[in-house]
Amino acid sequence: MSEEVLQQASPGLIPGSGTARAAKPTRLSPSCVSWLQAGPMMLVFLAFFLIPLVFVVIVSFWDYNEYQLLPAFSGRGYTDTFEGCIAQLPDLCTIGKTYLKTLKLCFLVWAITLFIGFWVAYFLAFHVRSRTWQMGLSLLCTIPFWTSNVIRMIAWIPLLGRNGLVNSGLMKTGLVNQPLEWLLFSEFSVVLALVHLFTFFMVVPIFNSMIRIDKSLIEAAYDAGATGFQTLANVIIPLAKPGIVIGSIFVITIVMGDFITIGVMGGQQIAAAGKIIETRVNALQFPAAAANAVILLAITFLIITMMSRIVDIKKEL
Amino acid sequence: MLFLYGPMIAIYVLSFQRPQGGLTFPMNGVSTFWITKLFHGTGIVDLGAAFRRSLLLGLIVMIVTVVLSVAAGMAFRRKFKAQSILFYSAIASLIVPSIITSLGISLEFRIIDDLIKAHWNENFETSMGLLTSGLGAHLTWTLPFGLLIMFAIFNRFDPRLEEAARDLGATPWQTFRYVVLPIILPSVIGIGLFGFTLSWDELAHSSQAIGAVNTLPLDLQGLTTTVTNPDIYALGTVISAVSFTVIALALGTIHVLNKRQAAKGSDAGQGLV
């Protein structure tokens, strides 16, 4: 409204309409400014993200020997990966089992973080009344995220170890006679650590969507006679869906690519998709590593496409 | 809460284990033996050098992240070509498994190395390193966060303030320096905080891309497979202590800036009567 007034008073002075800029010929054009502003970041992504991804795909089709890359077209990266897979059918070969195990870990972690994340966000958004408490509690949830993952991982070792706190506690109370071996360096400890590390990625987006829900909608649902469960299923969950999907995408992609948590907490014993890549790299078999990366990327991409069918991510940010 | 903090507290406590103490509870007395030992070097790896490297890299990543994010954030307020390409690269960079990015960067630099060796200098060693491939790897991780924070800031930003500045004859640079920057400064410090701590604790992106040297988290990860002493906990405690100091400093600065803004930023009602 104020713009209209100004426009009438002195036409051509309103910035953004282009005329004011045109008045001073030395000034850069808006599109040029945009390029200067966004260009550096674009260059970084180009040099350290997009081109490397292209290289991963290219190298996955190269050949290799014990100590170097051979730039010649070859499917060896892939054939080495799937070695013996067809011969073993209908049994799953090693690589198949590994991917299945990765998906299983992924699903477990996803389900648990979703459950915990949803209720933590629900509690923060609807039960904590004062704004200060809300901020304080969410900050408290955030702080661990700022510190190193490895530290939070190794922190479990004194708790879960053979003579750890949990085992000695269980022994003292007489619940078990001998230390539980499966607590540490097992799938259990891997899932536990992953949940511990990444629930945060679930809480934040879900909380973000929930905080935007109009409280009067919930009151309306109650007034219309809905039970608590009906309100949850028909009002809150649909409205919190964008947050749930974004959180899920984060957790799933992290777990699919993870090799550090699985390495440390699995005692380097559990095979997973990310671990294969790491092992291949350590053996300097880059094309095979790249081939695995391409496969992993394809699977991750597939999952994300399926999920982004449910919500438009760009709109939600 | 106990689930979130319990294990961390356990290792902070354990890092004060006496020299004879082992990796687990019960504690064998209290001392700072392992922490001081850390600073004298454990003999396995040169942690002091790794510490300095991590710090240097973290600071550079922080500065670059702040500058590029603010610039790109400004650009996004106007429509421009390639906008969606940049947006989707940022999002993709956030969700593509980090080992793949890291592998890609290492392959890229390997190929660059081969090219240099073949065409210019046969004795060339490698272009990979802390401030080339390592820096790039960290930036692909911190920049998306910076950009998303900038989106959040400018969603709440009132463009009329800028218009007012321009109507008063300010150049674009003056508008930015005296109007926009002071208002967004607290959040910009937040971006710096993200940049530093993400880089300081970063592991997955560095793992393949850092070159011959190690950062502190990489050393820590290396230790997890071999170590039998509480020095690993001491190292963990020291790393966390730095993280927490940086967080506290940043939050403190943001708090002070917000207060100043509340006290001095508004001239509502002044000079009206």
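Cut-offs used in this document
- Residues numbered from 1 in each chain as written.
- Chains lettered and ligands numbered in written order.
- Predicted model: local features only at pLDDT ≥ 70, side-chain atom pairs only at ≥ 80, totals over all residues.
- Heavy atoms only, no water.
- Helix = DSSP H or I, 4+ residues; strand = E, 2+ residues; numbered from the N terminus.
- Buried < 20%, exposed > 50% of the residue type's maximum accessible area, 1.4 Å probe, protein only.
- Contact = heavy atoms within 4.5 Å.
- Areas by Shrake-Rupley, 256 points an atom, 1.4 Å probe, with all protein chains shown as cover.
- Core = buried A, V, L, I, M, F, W, Y, C linked by side-chain atoms within 4.5 Å.
- pLDDT = per-residue confidence, 0-100.
- Patch = residues over 30% accessible without salt bridge, like charges linked within 9 Å, V, L, I, M, F, W, Y side chains within 5 Å.
- Salt bridge = Lys/Arg side-chain N within 4 Å of Asp/Glu carboxyl O.
- Axes fitted to C-alpha atoms, helices over the stretch in contact; angles between N-to-C directions.
- Parallel < 35°, antiparallel > 145°, perpendicular 65-115°, else oblique.
- Left-handed = near helix turned anticlockwise from the far one by under 90°.
- Nonpolar A, V, L, I, M, F, W, Y, C, P; charged D, E, K, R; others polar.
- Phe/Tyr/Trp six-rings, centres within 6.5 Å; stacked < 30°, edge-to-face > 60°.

Right, let's get into the overall build of chain B. When its secondary structure is counted, chain B shows eleven helices and zero strands. Seen in sequence order, chain B has helices and strands lined up from the N terminus as α-α-α-α-α-α-α-α-α-α-α. Counting over 273 residues, chain B shows a buried share of 53%. Partitioning the contacts of chain B with sequence separation of at least 6, the portion at a separation of at least 24 is 72%. Here chain B displays about 12,700 Å² of accessible surface, and carbon together with sulfur accounts for 64% of that area.

The subject of this paragraph is the overall build of chain A. Within chain A, the secondary structure is distributed over 16 helices and two strands. Looking at the 317 residues of chain A, the share that counts as buried comes to 48%. With an accessible surface of roughly 16,300 Å², chain A has 68% of that area assigned to carbon and sulfur atoms.

This brings us to the nonpolar core. The biggest cluster of nonpolar side chains holds 135 residues, and the ones touching the most others in it are Met 210, Ile 236 and Ile 277 of chain A together with Ile 184 of chain B. Among the elements that take part in this core, helix H10 (residues 187–211) of chain A stands out by supplying 14 residues, more than any other. Here Ile 277 of chain A is in contact with Ala 289, Asn 292, Ala 293 and Leu 296 of chain A together with Ile 99, Ile 100 and Leu 103 of chain B, once residues within four sequence places are set aside.

Taken as a whole, chain B shows an average pLDDT of 73; of its residues, 66% reach a score of 70 or greater. Listed scores for the predicted complex are pTM 0.76 and ipTM 0.74.

Next up on the list: a nonpolar patch on the surface. Together, Leu 43, Leu 46 and Ile 51 of chain A line one region of the surface with nonpolar side chains, adding up to about 250 Å² of accessible area. Of note, Ile 51 of chain A is situated in helix H3 (residues 30–59).

When two helices pack together, their arrangement is given by the angle between the helix axes and the distance between those axes. Residues and elements named next belong to chain A. Two elements in contact, helix H14 (residues 273–282) and helix H15 (residues 286–308), have axes separated by 8 Å at closest approach and are oriented at 165 degrees. Relative to H15, the element H14 lies roughly antiparallel. Of the two possible hands of crossing, H14 and H15 adopt the one that is left-handed. Side by side, H14 and H15 meet where Ala 273, Ile 276, Ile 277, Arg 280 and Val 281 of the first sit next to Phe 286, Ala 288, Ala 289, Asn 292, Ala 293 and Leu 296 of the second. Among the residues forming the contact of H14 with H15, the class breakdown is nine nonpolar, one polar and one charged.

Looking now at the confidence of the model for chain A. All names here are of chain A. Residue-level pLDDT values for chain A average 75, and 80% of them are 70 or greater. Confidence, read as mean pLDDT per element, is least for helix H2 (residues 19–23) in chain A (43) and greatest for helix H5 (residues 94–127) (85). Predicted confidence is poor over residues 1–25, with pLDDT under 50, and the contacts of this stretch with residues over four places away or in other chains come to 21 contacts.

All names here are of chain B. For Ile 184, the position within the fold is in helix H8 (residues 172–200). For the pair Ile 184 and Trp 120, spaced 64 residues apart in sequence, the C-alpha to C-alpha distance is 47 Å. Excluding residues that lie within four positions of it along the chain, Ile 184 makes contacts with Val 70, Met 150, Ile 153, Phe 154 and Phe 157.

With that settled, the discussion passes to the packing of aromatic side chains. Residues and elements named next belong to chain A. Throughout the structure, instances matching the rule amount to eleven aromatic pairs over all chains. With a centroid separation of 5.7 Å and 80 degrees between ring planes, the pair formed by Phe 200 and Phe 201 is classed as edge-to-face. Grouped by ring-pair contacts, the aromatic residues Phe 198, Phe 200, Phe 201 and Phe 250 constitute a single cluster.

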